[in-house]
Amino acid sequence: MTFRSDFQKSGDRARRGGGGRGGGIAVGGGLTGLLVVGLILLLGGDPSEVLQSPPPQQGGDQQNAQGGFDHCQTGDDGNKYVDCRIMFTGESVDRVWAEQLPAQAGIQYTKPGMVIFEGSTNSGCGPASASTGPFYCPADETSYFDTSFFGQLERMGGGDGPLAQQYVVAHEFGHHIQKLENTLGRSNYNEPGPESDAVKIELQADCYAGFWAHYADKGPDAILEPLTQKQVADAVRTARAIGDDTIQSHSGGGIRPDLWTHGSSEQRADAFLTGYNSGKLAQCDTLGRGVYR
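An unreviewed UniProt entry lists the protein chain under the name Neutral zinc metallopeptidase, from Corynebacterium hansenii. Looking at the protein chain in UniProt, the text filed under Subcellular location (unreviewed entry) is "Membrane".

Take a look at the structure:
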């Protein structure tokens, strides 16, 4: 899914660096980093070992000094540069949810914060590094994206196309939707398993990512070119690559469904496709709330 060449940004949707230190644990990370957090919790460890790793020596201010997004001006820039693609995808996700959340859930959409960094940063949930991967911090209602993560994602077997990366952004924004719905707190890594609320929350965020993709190339405000089947396959490949069973298999410890916190590869792929094919929040109702129009 590529950006239209005639798209021009009206301002910077994201910022460099990160917010201040704060309390609380980042939850709802759909990818490898926060799966690690989940495993630490399951093993009785301290999640701060991951999310409060030593901050960069030069700190967030230095990251800001490295420059903003002056090189991100048009859709062509979004197609060329990873950080521009992340930021512009956030704007696309905003546009879809601003229209569809009130229409299908009766909730007004408010934009989450968005931070793009490389290496490490500070968040409202504590310092984070590349080892945590992308995550959503409910304490400051901000999604954090490390640009170096996408290379790691490809090495794990994820897709290398634009929608594979955009899926990651839309997934994390999906956790902000859950925050607005007052359901994100149901995610609990201390109670894992294939039927756990933690898995249901993650699968819903995958479905929400597919839901975004359903609408992202439609309407007068669309900033993306029409989606291709190859791009859809890329996103599905990525969803499969970050399933609990796939990651457990790669770790050599055997597949343990009783430890799942994010869902199997098949579940994650199916969830994305459900949202993409339907465009209906009711089809993403993994928690069985029955509140959608």
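Visitor: I keep staring at the sheet that holds strand β2 (residues 113-117) and nothing clicks. Help me out?
Guide: Strands in a sheet are paired, the pairing made by backbone hydrogen bonds, and the direction either parallel or antiparallel. Here four strands make up an open sheet; going across it, the order is β1-β2-β6-β5 and the pairing mixed. Edge positions in the sheet fall to β1 (15-16) and β5 (135-137), since each has one partner strand and no second. Across three bridges, the pairing between β5 and strand β6 (residues 142-146) is antiparallel. Within the sheet, the bridge partner assigned to Y136 lies in β6 and is S143. Against the sheet, helix α5 (residues 82-105) contacts β1, β2 and β6, and its axis sits at roughly 175 degrees relative to β2. On top of the sheet, helix α7 (residues 162-180) reaches β2, β5 and β6; it is set at about 160 degrees to β6, its chief contact.

Visitor: Whenever I open this one, the state of the cysteines confuses me. Can you help?
Guide: Here a disulfide denotes a covalent bond joining the sulfur atom of one cysteine to the sulfur atom of another. By the definition in use, this model includes three disulfides. For the protein chain, numbering the cysteines in disulfides from first to last along the sequence yields the connectivity 1-2, 3-4, 5-6.

Visitor: In this structure, what is going on with the pairing of β2? I would like to understand it.
Guide: In terms of burial, β2 is a largely internal element, four of the five residues being buried. Note that β1 and β2 share two bridges and pair parallel. Counted as the bridge partner of R15 is V115 from β2. Pairing geometry for β2 and β6, over five bridges, is parallel. What sits directly across from V115, in β6, is Y144.

Visitor: Explanation requested: the side chain of Q231 in the structure shown.
Guide: Structurally, Q231 can be placed in helix α9 (residues 229-241). Its relative accessible area of 13% is what places Q231 among the buried residues. Reaching out from Q231, the side chain makes a polar contact with the backbone nitrogen of T228 at a distance of 3.1 Å. Once residues lying within four places of it in the same chain are set aside, the contact partners of Q231 are M1, T2, P162, L163 and P226.

Visitor: Where do I start with the environment of W97 in this structure?
Guide: In this structure, W97 sits in helix α5. Residue classification places W97 among the buried residues on the basis of a relative accessible area of 1%. W97 sits 77 residues away from G174 along the chain, and the two C-alpha atoms are 9.5 Å apart. W97 has contacts with P102, Y109, I177, Y208, F211 and L281, leaving out every residue within four places of it along the chain.

Visitor: Before we go on, may I ask you to explain the packing of aromatic side chains in this structure?
Guide: Aromatic ring pairs are defined here through the distance separating the ring centres and the angle between the ring planes. The full count for this structure, using the stated rule, is nine aromatic pairs. On the basis of an interplanar angle of 15 degrees and a centroid distance of 4.9 Å, the ring pair of F135 and Y144 is categorised as stacked. For F135, a relative accessible area of 0% corresponds to the buried category. Ring centres 5.7 Å apart and planes at 90 degrees place the aromatic pair Y167 and F272 in the edge-to-face group.

Visitor: Would you take a moment to explain the pattern of salt bridges for this structure?
Guide: Proximity of charged atoms lets side chains of opposite charge pair with each other. Per the counting criterion, the structure on display carries twelve salt bridges. Between R13 and D94 there is a salt bridge whose closest N-O contact spans 2.4 Å. A residue pair is termed long-range when its members are at least 10 positions apart, and R13 in the segment before β1 and D94 in helix α5 qualify at 81 residues. A single burial state applies to R13 and to D94, both of which are buried. Note that R256 and D258 form a salt bridge whose closest N and O atoms lie 2.5 Å from each other.

Visitor: Help me out: how do you make sense of the packing of α5 against helix α8 (residues 197-216) in this one?
Guide: Between two packed helices, both the angle of their axes relative to each other and the distance between the axes serve to describe the pair. Orientation of α5 relative to α8, taken along the N-to-C sense of each, is 95 degrees, at an axis distance of 9 Å. In terms of orientation, α5 lies roughly perpendicular with respect to α8. Residues T89, S92, V93, V96, W97, Q100 and Q104 of α5 pack against Y208, F211, W212, Y215 and A216 of α8.

Calculation criteria
- Residues numbered from 1 in each chain as written.
- Predicted model: local features only at pLDDT ≥ 70, side-chain atom pairs only at ≥ 80, totals over all residues.
- Heavy atoms only, no water.
- UniProt positions renumbered as here; feature names shortened; annotations may be inferred.
- Pairing = 2+ DSSP bridges.
- Helix = DSSP H or I, 4+ residues; strand = E, 2+ residues; numbered from the N terminus.
- Contact = heavy atoms within 4.5 Å.
- Axes fitted to C-alpha atoms, helices over the stretch in contact; angles between N-to-C directions.
- Disulfide = S-S within 2.5 Å.
- Buried < 20%, exposed > 50% of the residue type's maximum accessible area, 1.4 Å probe, protein only.
- Polar contact = N/O pair within 3.5 Å; in protein donor to acceptor, adjacent residues only side chain to side chain.
- Phe/Tyr/Trp six-rings, centres within 6.5 Å; stacked < 30°, edge-to-face > 60°.
- Salt bridge = Lys/Arg side-chain N within 4 Å of Asp/Glu carboxyl O.
- Parallel < 35°, antiparallel > 145°, perpendicular 65-115°, else oblique.

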